[in-house]
Amino acid sequence: MTEVQGRVLSPPKILYGGRTKAQAVPNQGVWDMRGKQFYNGIEIRTWAIACFAPQRTVREDALRNFTQQLQRLSNDAGMPILGQPCFCKYATGPDQVEPMFRYLMGLYPGLQLIVVVLPGKTPVYAEVKRVGDILVGIATQCVQAKNVNKTSPQTLSNLCLKINVKLGGVNNILQPGARHAVYSDPLIFIGADVTHPPVGDCSRPSIAAVVGSMDGHPSRYAATVRVQAHREEIIQELTSMVRELLIQFYKSTGFKPQRIIFYRDGVSEGQFDKVLDHELRAIRQACVCLEGGYQPGITFVVVQKRHHTRLFCADRRDQIGKSGNIPAGTTVDIGITHPTEFDFFLCSHAGIQGTSRPSHYHVLWDDNQFTADDLQIMTYQLCHTYVRCTRSVSIPAPAYYAHLVAFRARYHLVEKDHDSDPATSSNYTGEGSSHISGNGDDRSKTAMDKAVTVHPNILKVMYFA
């Protein structure tokens, strides 16, 4: 144990919409949405329910009650669900997902959302996401049967947070006056992650995901995903991925980013030089491909969670909650950091159970010449923009979203006659495939790229939320 000096950053104010335009001030990394409405809530006119839990487990009156409670809470949140679902039927297995979704899309052209009730862990989940995200392009929201039978305001509120962004809404934004001065120029936040198959697997591919902010708040993100060689950490097709995001940013905002802030997750210290050399060059190349002489300032930050550094309060009076953790926003950049390089520890979340693990940020490249204060405040503010909860999370939202996109792509690769857990199943091999024929060695990169290519209808929304 060694004693070091730290400080606690002030949280940003969170702005909501509706008539009140209410503000929330996070307290220890948490705030409340009660009495507030989404910054931009989507009106849901046509929606459907598909229940894959048996009727004896989820009865019709439970579905009816769930629908009423969801409508009541969504109306309060500024995302009105108008009228009853246009379709509410029971179904059994994954084989029924695609025919049902195609039937619904044909019968109800304006269909916005399908709520799917699941009976626990089931292969149906992977198939719902494959068909909804890849084949037909419809927003899907899965709910566990136990949460339908026994509704709670917390669960329903969390469902609304996810549904609104999947339909293109904005839940909340950073209060413009409280944002860092860097936001005055057009800038894009990019998050990148590579997920690998489990230890012992010798054949399945790694999946690279890159997401980019699509507005100035930043709240909306677009995603790109690629399949690459087994256990390859460097993102092989980063040039084309960043190029796609820059084009989408320009279409969305009308501006070219003057700064690119790139948060890279999942890189160990031994790979820093290799990753920086390849990926920084790839980002620059993506910019030059779009326009000769286009050279926005790039800041390349690696985010690490897997380390053994823990921070504790020297004074017991500073401890927070039952777990006695450090306060959300605690940052340390002296004493335990590198003597010459630009790095810092930031614990941006409130520890609920056990000892909080601060995230370790290494700034490998910085054209924008940010001070330590600039980058720490900007990173901490980004941790408050994660759409799935009203809490500050442990890593910046773009890095978190990249992880979600890569994990979702694992489900897209799952084939429907196999187990639905992408971490344990052997379904990328294509054995007995109902979508791509042939044995494991025959499932080509082209076929896998096609399997993770998201439908154009939902490419512009946060389908991965």
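The rules behind each value
Residues numbered from 1 in each chain as written. Predicted model: local features only at pLDDT ≥ 70, side-chain atom pairs only at ≥ 80, totals over all residues. Heavy atoms only, no water. Helix = DSSP H or I, 4+ residues; strand = E, 2+ residues; numbered from the N terminus. Rg over C-alpha atoms; globule rule 2.2 N^0.38 Å. Buried < 20%, exposed > 50% of the residue type's maximum accessible area, 1.4 Å probe, protein only. Contact = heavy atoms within 4.5 Å. Areas by Shrake-Rupley, 256 points an atom, 1.4 Å probe, with all protein chains shown as cover. Lys, Arg positive; Asp, Glu negative; His and termini not counted. Charge placed at Lys NZ, Arg CZ, Asp CG, Glu CD. Axes fitted to C-alpha atoms, helices over the stretch in contact; angles between N-to-C directions. Parallel < 35°, antiparallel > 145°, perpendicular 65-115°, else oblique. Left-handed = near helix turned anticlockwise from the far one by under 90°. Nonpolar A, V, L, I, M, F, W, Y, C, P; charged D, E, K, R; others polar. Core = buried A, V, L, I, M, F, W, Y, C linked by side-chain atoms within 4.5 Å. Pairing = 2+ DSSP bridges.

Colleague: How should the overall build of the chain be read in this particular structure?
Modeller: Of regular secondary structure, the chain possesses 11 helices and 16 strands. Taking 23 Å as the expected radius of gyration for a compact globule of 465 residues, we find that the chain reaches 23 Å, a close match to that expectation. Judged by the C-alpha coordinates and their principal axes, the chain covers about 60 × 55 × 45 Å. The 465 residues of the chain split such that 55% are buried. Summarising the internal contacts of the chain: among those between residues at least 6 apart in sequence, 70% fall at separations of at least 24. Total accessible area computed for the chain in this model is approximately 20,300 Å², and 49% of it derives from carbon and sulfur atoms. The average position of the 49 basic charges and that of the 41 acidic charges among the side chains of the chain differ by 9 Å.

Colleague: Is there a simple way to think about the packing of helix H2 (residues 97–107) against helix H3 (residues 124–136) in this case?
Modeller: A pair of packed helices can be characterised by two numbers: the angle between their axes and the separation between those axes. Running from amino to carboxyl end, H2 crosses H3 at an angle of 40°, the nearest separation of the two axes being 9 Å. Judged by the angle between their axes, H2 and H3 are oblique. The handedness of the crossing between H2 and H3 is right-handed. Where H2 approaches H3, its residues Val97, Glu98, Phe101, Arg102 and Met105 are matched on the opposing element by Val124, Glu127, Val128, Arg130, Val131, Gly132, Leu135 and Val136. Residues that form the contact of H2 with H3 fall into these classes: eight nonpolar, one polar and four charged.

Colleague: Honestly, the nonpolar core in this entry has me stumped. Any pointers?
Modeller: Nonpolar side chains in soluble globular proteins tend to end up buried together. Ranked by internal contacts, the top residues of the largest apolar core, which has 87 residues, are Val58, Val117, Phe189, Tyr263, Tyr401 and Phe464. If one sorts the elements of this core by residue count, helix H9 (residues 397–413) sits on top with eight residues. Ignoring anything within four residues of it in the chain, the contact list for Tyr401 reads Val211, Tyr221, Thr385, Tyr386, Val387, Met462 and Phe464. Among the nonpolar cores identified, the runner-up in size contains 32 residues, and Met241, Leu246, Ile283 and Ala286 belong to it.

Colleague: Would you mind showing me how to read the sheet that holds strand E12 (residues 259–265) here?
Modeller: Strand pairing in a sheet is mediated by backbone hydrogen bonds. Such pairs are either parallel or antiparallel. Taken in spatial order, the nine strands make up an open sheet running E1-E14-E15-E16-E13-E12-E9-E10-E11, and their pairing is mixed. With partners counted over all chains shown, the strands left at the sheet margins are strand E1 (7–8) and strand E11 (221–228), one partner each. In the sheet, strand E14 (residues 330–332) pairs with strand E15 (residues 342–347) via three bridges, with the strands oriented antiparallel. In the sheet register, Val332 faces E15, and the bridge partner there is Phe345. Helix H8 (residues 372–382) rests against E1, strand E9 (187–195), E11, E12, strand E13 (297–304), E14, E15 and strand E16 (359–366) of the sheet, and its axis sits at about 35° to E15.

Colleague: Mind showing me how you'd approach H3 here?
Modeller: Side chains three or four residues apart in an α-helix point the same way, a direct result of the helix having 3.6 residues per turn. In terms of residue burial, H3 counts as a mostly covered element, since 11 of its 13 residues are buried. For H3, every residue scored as buried is listed here: Val124, Ala126, Glu127, Val128, Lys129, Arg130, Val131, Gly132, Asp133, Ile134 and Val136. One or two steps after H3, the chain reaches Gly137, where phi turns positive at roughly 70°.

Colleague: Would you mind showing me how to read the packing of helix H1 (residues 60–76) against helix H5 (residues 153–166) here?
Modeller: Close contact between H1 and H5 brings their axes to 10 Å; oriented N to C, the two are set at 65°. Considering the angle they form, H1 stands roughly perpendicular to H5. Along this stretch, H1 crosses H5, giving a crossing that reads as right-handed. Facing H1, whose interface residues are Phe66, Gln69, Leu70, Leu73 and Ser74, H5 presents Pro153, Leu156, Ser157, Leu159 and Cys160. Per-class residue counts for the contact of H1 with H5 are seven nonpolar, three polar and no charged.

The analysis is restricted to geometry; functional conclusions fall outside its scope.
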